[in-house]
Amino acid sequence: MQDDARYLKRKVTAGSLDVHPTEKALVVHYEVEASILGEGGGHMLGERKEGQKIIRVKSLSPSTDVGALAKKVVEECKLIPPSRLPQVEQLLYYLQNRKSSPVEGKTEKKEKRTVKPRELTPFEGMELDEEASVTRVDEYIELLYEGIPEKIRGSALILQLARNPDNLEELLHNEAALGALARVLREDWKQSVELATIIIYIFFCFSSFSQFHGVVSHYKIGALCMSVVEHELKRHDVWREELRKKNKACESAPENGSLRRDQDKAVRKYHGLLSKQEQLLRVSLYLLLNLAEDTRTELKMRNKNIVVLLVKVLERDDEELLVLVVSFLKKLSIFLENKNDMAEVDTVERLACLVPCDHEDLLNLTLRLLLNLSFDSGLRAKMVEVGLLPKLTALLGDENNRQVAMRILYHISIDDRFKGMFVYTDCIPQLMQMLYEHGEEETEAELISICINLAANKRNAQLMCEGNGLKMLMKRALKLKDCLLMKMIRNISQHDGQTKPVFIDYVGDLAAEIRAEEEEEWLLECLGTLANLTIPDLDWELVLKEYNLVPYLKDRLKPGSAEDDLILEVVIMIGTVSMDDACAAMLAKSGIIPALIELLNAQQEDDEFVCQIVYVFYQMVFHQATRDVIIKDTQAPAYLIDLMHDKNAEIRKVCDNTLDIIAEYDEEWGRKIQSEKFRFHNNQWLEMVESRQADESEPYLYDNDERTDLFYSAGQYQQIIALVSVHVFMSKVCLKVDTGSEQHKASVHVFHTDQQQHRRQLTDIRNRSCSVLRWNNSCRRFSQPRFLQ
């Protein structure tokens, strides 16, 4: 051995020690000198190479014990001699008190987004006093053919070489070494955990570089690691069951000292086995994670239930192992099939136990995995079920994890089932405080998005308006012209109850914004907010006159004058102000009704437009001052008759109630409405009669036809139509009687009694329709009214 060592000599000399310019890290400079010695030990050839090692101290904070941290750094870094401990302590103290620069903050944030498992270090039992040499690899291979202790020693020496990336290329060309290691692993991994750990660690060193993945796959190390992980997890279940039995026996006989000693011995043995097993699991899973860079390899792992195995490992307490497992699951979760596998097992329940935790990297990775899973509605429901909502809310105060926690909360807030549950946390007060602290800065997308979603819930909206909440929101939105903030205010304004009256103070500000001709997106939100304010005490006539809104509303009704969304909000606004008698009369005189009919013709395929325009007609016929204008001066009733049998239930309901009022006050339209109702209810029978009438005019196919005439003649058909019309009219419609009769007065009294109730119901329908996504309906039936004369 001594003869071989004389040919190569490697010496590492420690150099200067300094702090990193931007990160919380120490920089150790060193020099490597490699010398080739001759036969007599003389120096023949030498080379010097300078390098540096960065030691990051992410855990360094104002409360950190600098002395203890300095000792830990010196112990773990072999490049720093113990004599330089005071210097290390002084540099750490400088880092602790150094103000973080913007560059450093960005760097840390970037590192947070790419948290990875910590690099593997030699496990207990792997370190040898002997230093390995590349020139003696053949000797180490021979040890792999001996007993288990010799195999452990030989593989440990090869591991020393493999941990240096400079040696991997040479080991790669030594097929005998790699083949022997793969053979020993296949044959003896069940006999020795230490041996299996060391050999897998060697192949892990190769897997750390993509160009060496082919070698690892060639020897089928990935498949072998899957078998190792599965077997070890089953062994762990057996150990726990044996320990449970011993604990149960000890509890049943606490006086028995022998059982107590057996239990203590079993616990010590269990922890010893568990420590070695977790080392093996960690190196095996890390190797698989490296190989999973190739999606084809990842698919093979998925077919062998890698997700189930990883989720089972989440039961462990070792934080470094958990960091690795959660990293692996996060990588897998971006594919639908893997996400579905995670949904079938208790993934969310296991992850909920890790939130919160003291290990910063583990917490960050867990939250990012939950974020990936939160795109699935079923998994979002599971997160709420296991109690993650208050835990995530508590993390809003954590600078490092606030953004990820807020994104998960945003996904949860999408679902209407869970919006109300935010009331039972302190989420809304925290969100309002964040909005207040932003000042004139642009609001974060995640923050305002979750606020918009939560404002759609009535109780949440009430919490947002408590104190000066609404005042702060309105002031900020009007000052910055923030469309998203105004969208949040618009959602708040849609709720009946104690929130709507608070908006009376801001009606003038919103109306002024509409007349200011701002951007359409901003006008859309301001109009939508005003349109939601169905407040009885609000004098809409004064608002329309003071801000001259009627010409603006009429101009915006022209098809193509603006985006459809803005025109729709104008229609909804008209429907809101038409609830006031004076406003309805003002709008009718301005010629808005023909403009609405023109818009109805242009947008007849859009159910949302149709429903809102019909609702305006309903409001107009509800008032005495505008009823005659609608019935006698416009074609609105004819369009309503065409829409009476629309496929959309909400449109049908508004049409029916509007036509009932028209039929009550106009005899001619009443007859047309009843005739159309008759035709619709008896359409099938009428088609049959008409077809037989048409067949009657055709000559019979028989020469001498003496059959009884089974068909109706033209005169008989008209008589039948008249009789049936009278019968249906009598049975389904109130008879027209003398206006002075008691029966008529009673029917009119009942009609007026039900009017207010119908009006409230239709307003609810209109409001529900405002919140529904607009869709196209290709089944709109009219092009021109059928009853125009």
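Residues numbered from 1 in each chain as written. Predicted model: local features only at pLDDT ≥ 70, side-chain atom pairs only at ≥ 80, totals over all residues. Heavy atoms only, no water.

1. Points about the overall build of the protein chain
Logical step 1: Secondary structure summary: the protein chain contains 42 helices and 3 strands in total.
Logical step 2: Burial statistics for the protein chain: of 789 residues in total, 47% are counted as buried.
Logical step 3: Long-range pairs, those at least 24 residues apart, make up 71% of the contacts in the protein chain with a sequence separation of at least 6.
Logical step 4: Of the roughly 41,300 Å² of accessible surface on the protein chain, 49% is carried by carbon and sulfur atoms. (Helix = DSSP H or I, 4+ residues; strand = E, 2+ residues; numbered from the N terminus. Buried < 20%, exposed > 50% of the residue type's maximum accessible area, 1.4 Å probe, protein only. Contact = heavy atoms within 4.5 Å. Areas by Shrake-Rupley, 256 points an atom, 1.4 Å probe, with all protein chains shown as cover.)

2. Some words on the environment of alanine 584
Logical step 1: Relative to the assigned elements, alanine 584 resides in helix H33 (residues 581-589).
Logical step 2: Judged by its relative accessible area of 0%, alanine 584 falls in the buried class.
Logical step 3: When the C-alpha positions of alanine 584 and phenylalanine 622 are compared, they lie 9.7 Å apart, and in sequence the two are 38 residues distant.
Logical step 4: Residues within four places of alanine 584 in sequence aside, it is in contact with Val577, Ser578, Met620, His623 and Thr626.

3. Considerations on the packing of aromatic side chains
Logical step 1: Using the criterion set out here, one finds 7 aromatic pairs in the structure.
Logical step 2: On the basis of an interplanar angle of 70 degrees and a centroid distance of 5.8 Å, the ring pair of tyrosine 201 and phenylalanine 204 is categorised as edge-to-face. Linking tyrosine 201 with phenylalanine 204, this pair stays in helix H9 (residues 193-207), spanning 3 residues, or about one helical turn.
Logical step 3: The exposure class assigned to phenylalanine 204 is buried, which follows from its relative accessible area of 4%.
Logical step 4: Ring pairing ties together the aromatic residues Tyr201, Phe204 and Tyr286, which thus form one cluster.
Logical step 5: Taking NZ or CZ as reference, arginine 627 lies 3.9 Å from the ring centre of tyrosine 665, over its face.
Logical step 6: Sitting over the face of the ring of tryptophan 669, lysine 672 holds its NZ or CZ atom 4.5 Å from the ring centroid. (Phe/Tyr/Trp six-rings, centres within 6.5 Å; stacked < 30°, edge-to-face > 60°. Lys NZ or Arg CZ within 6 Å of the ring centre and 35° of its normal.)

4. A few points about unusual backbone geometry
Logical step 1: Across the junction of valine 355 and proline 356, the peptide omega takes the value -5 degrees, indicating a cis bond.
Logical step 2: By secondary structure assignment, the location of proline 356 is in the loop between helix H17 (347-352) and helix H18 (360-373).
Logical step 3: One non-glycine residue, lysine 220, lies in the positive phi region at around 55 degrees.
Logical step 4: Structurally, the position occupied by lysine 220 is in the loop between helix H10 (213-218) and helix H11 (221-252).
Logical step 5: On the basis of relative accessible area, lysine 220 is assigned to the exposed category, the value being 61%.
Logical step 6: Located in the positive-phi region is lysine 481, a residue other than glycine, with phi close to 55 degrees.
Logical step 7: In this fold, lysine 481 is placed in the loop between helix H26 (469-480) and helix H27 (483-493).
Logical step 8: Lysine 481 gets classed as partly exposed once you look at its relative accessible area, which sits at 33%.

5. A short note on helix H3 (residues 85-97)
Logical step 1: Its 13 residues place the ends of H3 19 Å apart at the C-alpha level, agreeing with the 18 Å of an ideal helix rising 1.5 Å per residue.
Logical step 2: Within the sequence span of H3, burial applies to Val88, Leu91, Leu92, Leu95 and Gln96. Considered in projection along H3, the buried side chains sweep an arc of 145 degrees and stay on one side of the axis. Those residues of H3 that are exposed and angled more than 90 degrees off the buried face are Pro86 and Gln90. (Expected span 1.5 Å × (residues − 1). Arc of directions from axis to C-beta.)

6. Observations regarding the pattern of salt bridges
A side chain with one charge may pair with a side chain of the opposite charge, provided their charged atoms come close.
Logical step 1: All chains considered together, the criterion is met by 32 salt bridges.
Logical step 2: Between arginine 240 and glutamate 315 there is a salt bridge whose closest N-O contact spans 3.4 Å. You can see arginine 240 sitting in helix H11 and its partner glutamate 315 sitting in the loop between helix H14 (306-313) and helix H15 (319-332), a full 75 residues away along the chain.
Logical step 3: Take arginine 240: its relative accessible area is 37%, and that puts it in the partly exposed class.
Logical step 4: Of the residues examined, glutamate 315 reaches a relative accessible area of 33% and is grouped as partly exposed.
Logical step 5: In this structure, arginine 244 and glutamate 241 form a salt bridge, with 2.5 Å as the shortest nitrogen-oxygen distance. Of this pair, arginine 244 and glutamate 241 both sit in helix H11, 3 residues apart, which is roughly one turn of the helix.
Logical step 6: Shared partners join several salt bridges into a network, and the residues in it are Asp237, Arg240, Lys312, Glu315 and Arg350. (Salt bridge = Lys/Arg side-chain N within 4 Å of Asp/Glu carboxyl O.)

7. So, the packing of helix H6 (residues 148-162) against helix H7 (residues 165-172)
Logical step 1: At a minimum axis distance of 7 Å, the contact between H6 and H7 shows a crossing angle of 120 degrees. With respect to their mutual orientation, H6 and H7 come out oblique. For the pair H6 and H7, the contacting residues are Ile158, Leu161 and Ala162 in the first and Pro165, Asn167, Leu168 and Leu171 in the second. (Axes fitted to C-alpha atoms, helices over the stretch in contact; angles between N-to-C directions. Parallel < 35°, antiparallel > 145°, perpendicular 65-115°, else oblique.)

8. Some remarks on the nonpolar core
Logical step 1: Of all hydrophobic cores here, the largest spans 207 residues; its most connected members are Leu435, Met488 and Phe617.
Logical step 2: Every residue in contact with methionine 488, bar those within four places of it in the chain, is listed here: Met432, Leu435, Ile448, Cys451, Ile452, Ala455, Met464 and Leu473.
Logical step 3: One finds Leu17, Val19, Ile55 and Leu60 within the second-largest nonpolar core, a separate group that totals 19 residues. (Core = buried A, V, L, I, M, F, W, Y, C linked by side-chain atoms within 4.5 Å.)

9. Considering a positive patch on the surface
Logical step 1: Residues Lys246, Lys265, Arg268 and Lys269 make up a contiguous surface patch of positive charge.
Logical step 2: The greatest single-element share of the positive patch, amounting to 3 residues, is contributed by helix H12 (residues 257-291).
Logical step 3: Within the fold, arginine 268 resides in helix H12.
Logical step 4: Arginine 268 gets classed as exposed once you look at its relative accessible area, which sits at 57%. (Patch = residues over 30% accessible without salt bridge, like charges linked within 9 Å, V, L, I, M, F, W, Y side chains within 5 Å. Lys, Arg positive; Asp, Glu negative; His and termini not counted. Charge placed at Lys NZ, Arg CZ, Asp CG, Glu CD.)

10. A word on the packing of H18 against helix H21 (residues 402-414)
Logical step 1: Where H18 contacts H21, the axes come no closer than 9 Å and their chain directions differ by 25 degrees. Classed by the angle they form, the pair H18 and H21 counts as roughly parallel. H18 and H21 meet at a crossing whose hand is left-handed. Contacts from Leu367, Arg368, Leu370 and Leu371 of H18 reach H21 at Val404, Arg407, Ile408 and His411.
Logical step 2: Tallied by class, residues from the contact of H18 with H21 come to 5 nonpolar, 1 polar and 2 charged. (Left-handed = near helix turned anticlockwise from the far one by under 90°. Nonpolar A, V, L, I, M, F, W, Y, C, P; charged D, E, K, R; others polar.)

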